[in-house]
Amino acid sequence: MPSRSEVTYFGAGPAALPTPILESATLALLNYNNTGVGLAEHSHRSPLAAEVLNSTKDSLRSLLSVPDTHEILFMQGGGTGEFAAVVYNLVGVWVERRRRKAEAELVATGVKKEDVDTKVLERLKQEIAEELKLDYLVTGSWSLKASQEAVRLLGKDRVNIATDARTVSADGKFNTIPPEASWNLTSTKAEGGKGPAAFVYYCDNETVDGVEFPGFPERLAEGAGEEDEERLVIADMSSNILSRKVDVGRFAVIFAGAQKNVGLTGLTLLLIRRSLLPPHTPIPAPTLLHSLSLPVPPAILSYPIISSASSLYNTIPIFDVWVAGQVISSLLSRFGDLKVSGQEEVADSKARLLYAALERWEGVYRIVVQDKRVRSRMNICFRVNPGDEAEKAFLKGAEERGLLALKGHRSVGGIRISNYNAVSYEGAEKLSTYIDDFADAATAKAGST
């Protein structure tokens, strides 16, 4: 049986964690800070737990340069839970903004006070019927699932698929990102429409399909400014957060399951613009949402409720928060003033190394995403020619060298290298060498037959 130091784990999630952090975690589980009690056993409402939460939050704010305009929340439910949470919460923001505007305009036009609520309700029903839309950029399996959840919650008439990468792909699969000019976003008033969608959602990195946005889509920056003209951008960064610099201020919400680059399965990070939370934007009353035939968010998925409780509304897994904090603080210690840009340089260098190895042997390997502009740095997907048996042989040989968990997602097959932060450059070099060795042997065998 190999030791941990003898293998490199390329799992897509749960992913590898740095060995020193796991060693510290072992001690923390048994006896945290000489309290005689393991960290997972301490009350989530204890001063000790509050210190863990606050220190992790401070480290994340520092590493990603999160501005004061944004709150940091810790939640549960993973990315899949957030597919629903963003719908519940951002539709609530849309309704509240429309309600306030309608109320102010009706009062200004002299509508009697006792008639205002009825008139507001009538106007909201009409605006919901005519204007409420959610925009989704569908570029892979996860953004597709997110859009399907929105349809399940609100109905297909409320969901606008602004782009679907499969429609521009030669094989009808997710292997590119359509040009921004082709996106059919819900029109703002400046564009001749009735206003932007309640939000625009995209998945920054698609783990299954190997597609990653190269940066913030400039098309989504259009229309920013006035509250009723602002495009609220939601990004799922579950698989590439902490791997590159992000201008957090451009996003309404960023969420990420922790199990790729941050920590353990069970914790979700959320960065949300404070202007979307009380007191700036109150929660719509459940009775109002009922009257409008809109869903009321469960408390556990309500951003305002979680925020007001400082992420302690329910029993949060404080051990998971601690592990995330250790990962984040270790990056801060390693890269200093470079912050997350230091890790970005490492991630990019590993990706370049691995893609270069695959490109050296075009007759043996086929990179799934041919468009180099949108190739994922985190999930490198490829096929081995001539097919299934060659891929089985590749996986078997990789395991013999301690290169583990390279099998592609069950829905697409093939090979997938998950190049998350805990994969060392040395581990990437070992895999690059194996890619060369396997191809060299395969080419020699083919030449001898």
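Scroll up to find the structure.
These numbers come from a predicted model, not from an experiment.

### Quick look at the overall build of the chain
Argument step 1. Across its full length, the chain holds eleven helices and 14 strands.
Argument step 2. For the chain, whose C-alpha radius of gyration is 24 Å, the value lies close to the compact-globule estimate of 22 Å for 449 residues.
Argument step 3. By its C-alpha atoms, the chain is 90 × 60 × 35 Å across when sized along the principal axes.
Argument step 4. For the chain, with 449 residues in total, the buried portion stands at 54%.

### Re the environment of asparagine 184
Argument step 1. Following the sequence through the fold, asparagine 184 ends up in the loop between strand E4 (159-164) and strand E5 (200-203).
Argument step 2. Note: C-alpha distance between asparagine 184 and alanine 351 (167 residues apart in sequence) is 32 Å.
Argument step 3. Discounting chain neighbours no more than four positions away, the residues touching asparagine 184 are Asn160 and Ala162.

### Considerations on unusual backbone geometry
Argument step 1. Following proline 278, the chain continues to proline 279 via a peptide bond in cis, the omega torsion being 5°.
Argument step 2. Structurally, the position occupied by proline 279 is in the loop between strand E10 (268-273) and helix H6 (286-291).
Argument step 3. Here serine 310, not a glycine, exhibits a phi torsion of approximately 55°, which is positive.
Argument step 4. In this structure, serine 310 sits in the loop between helix H7 (303-308) and helix H8 (318-335).
Argument step 5. Given the relative accessible area of 45%, serine 310 is considered partly exposed.

### Re the pairing of strand E9 (residues 253-257)
Argument step 1. Of all five residues in E9, five are buried, a share of seventy percent or more.
Argument step 2. Relative to E9, strand E8 (residues 233-236) is paired through three bridges, and the arrangement is parallel. Looking at the pairing, alanine 235 lines up with isoleucine 254 of E9.
Argument step 3. Pairing between E9 and E10: five bridges, direction antiparallel. Across the sheet, valine 253 pairs through a bridge with isoleucine 272, a residue of E10.

### Here's the deal with the pattern of salt bridges
Argument step 1. Across all of its chains, the model carries 28 salt bridges by this definition.
Argument step 2. In this structure, arginine 250 engages glutamate 218 in a salt bridge whose closest nitrogen and oxygen atoms are separated by 3.4 Å. Taken together, the residues span a long stretch of sequence, with arginine 250 in the loop between E8 and E9 and glutamate 218 in the loop between strand E7 (211-212) and E8 at a distance of 32 residues.
Argument step 3. Looking at glutamate 218, the relative accessible area reads 47%, which means it is partly exposed.
Argument step 4. Arginine 273 is the partner of glutamate 230 in a salt bridge, and the nearest nitrogen-oxygen pair spans 2.4 Å.

### Considering the layout of surface pockets
Argument step 1. In this structure, the largest pocket spans a volume of roughly 760 Å³.
Argument step 2. Lining the largest pocket are 32 residues, and of these Leu17, Pro18, Ala422, Val423 and Ser424 lie nearest its centre.
Argument step 3. Listed by contribution, the elements that provide at least two residues to the lining of the largest pocket are strand E1 (8-9), helix H1 (19-30), H8, helix H9 (340-359) and helix H11 (425-448).
Argument step 4. Split by residue class, the lining of the largest pocket holds 16 nonpolar, eleven polar and five charged.

### As for the packing of aromatic side chains
Argument step 1. Enumeration according to the criterion identifies 16 aromatic pairs in this entry.
Argument step 2. With 5.8 Å between their ring centres and 75° between their planes, tyrosine 136 and phenylalanine 199 make a pair best called edge-to-face. Here the residue tyrosine 136 occupies a position in strand E3 (residues 134-138), and phenylalanine 199 occupies one in the loop between E4 and E5, the gap between them amounting to 63 residues.
Argument step 3. Judged by its relative accessible area of 0%, tyrosine 136 is buried.
Argument step 4. For the ring pair tyrosine 202 and phenylalanine 213, a centre distance of 4.6 Å and an interplane angle of 55° mean the geometry is tilted. Here tyrosine 202, found in strand E5, pairs with phenylalanine 213, found in the loop between E7 and E8; they are eleven residues apart in sequence, far enough to count as distant.
Argument step 5. Exposure remark for tyrosine 202: the relative accessible area of 0% places this residue in the buried category.
Argument step 6. Phenylalanine 213 gets classed as buried once you look at its relative accessible area, which sits at 4%.

### So, H11
Helical geometry note: an α-helix holds 3.6 residues per turn, so side chains three or four residues apart project in the same direction.
Argument step 1. With 24 residues, H11 ought to run about 34 Å at 1.5 Å a step, and its terminal C-alpha atoms sit 35 Å apart, in line with that.
Argument step 2. The complete set of buried residues in H11 reads Gly427, Ala428, Leu431, Ser432, Tyr434, Ile435, Asp436, Phe438 and Ala439.

### A closer look at the sheet that holds strand E11 (residues 365-367)
Argument step 1. Taken in spatial order, the three strands of this open sheet run E11-E12-E14, and their pairing is antiparallel. Two strands in the sheet have a free side with no partner beyond their single neighbour: E11 and strand E14 (415-418). Averaged over all pairs of adjacent strands, the angle between strand axes in this sheet comes to 30°, irrespective of strand direction.
Argument step 2. Where E11 lies against strand E12 (residues 379-384), three bridges are found, and the strand directions are antiparallel. The partner of isoleucine 367 across the bridge, within E12, is phenylalanine 382.
Argument step 3. Lying over the sheet, H9 contacts E11, E12 and E14, oriented at roughly 15° with respect to E12.

Calculation rules
- Residues numbered from 1 in each chain as written.
- Predicted model: local features only at pLDDT ≥ 70, side-chain atom pairs only at ≥ 80, totals over all residues.
- Heavy atoms only, no water.
- Helix = DSSP H or I, 4+ residues; strand = E, 2+ residues; numbered from the N terminus.
- Rg over C-alpha atoms; globule rule 2.2 N^0.38 Å.
- Buried < 20%, exposed > 50% of the residue type's maximum accessible area, 1.4 Å probe, protein only.
- Contact = heavy atoms within 4.5 Å.
- Pairing = 2+ DSSP bridges.
- Salt bridge = Lys/Arg side-chain N within 4 Å of Asp/Glu carboxyl O.
- 1 Å grid on protein atoms, 1.4 Å probe; cavity = no way out; pocket = protein on both sides within 12 Å on 5 of 7 lines; lining within 4 Å.
- Points joined across faces, edges and corners; volume = space filled by probe spheres on them.
- Nonpolar A, V, L, I, M, F, W, Y, C, P; charged D, E, K, R; others polar.
- Phe/Tyr/Trp six-rings, centres within 6.5 Å; stacked < 30°, edge-to-face > 60°.
- Expected span 1.5 Å × (residues − 1).
- Axes fitted to C-alpha atoms, helices over the stretch in contact; angles between N-to-C directions.

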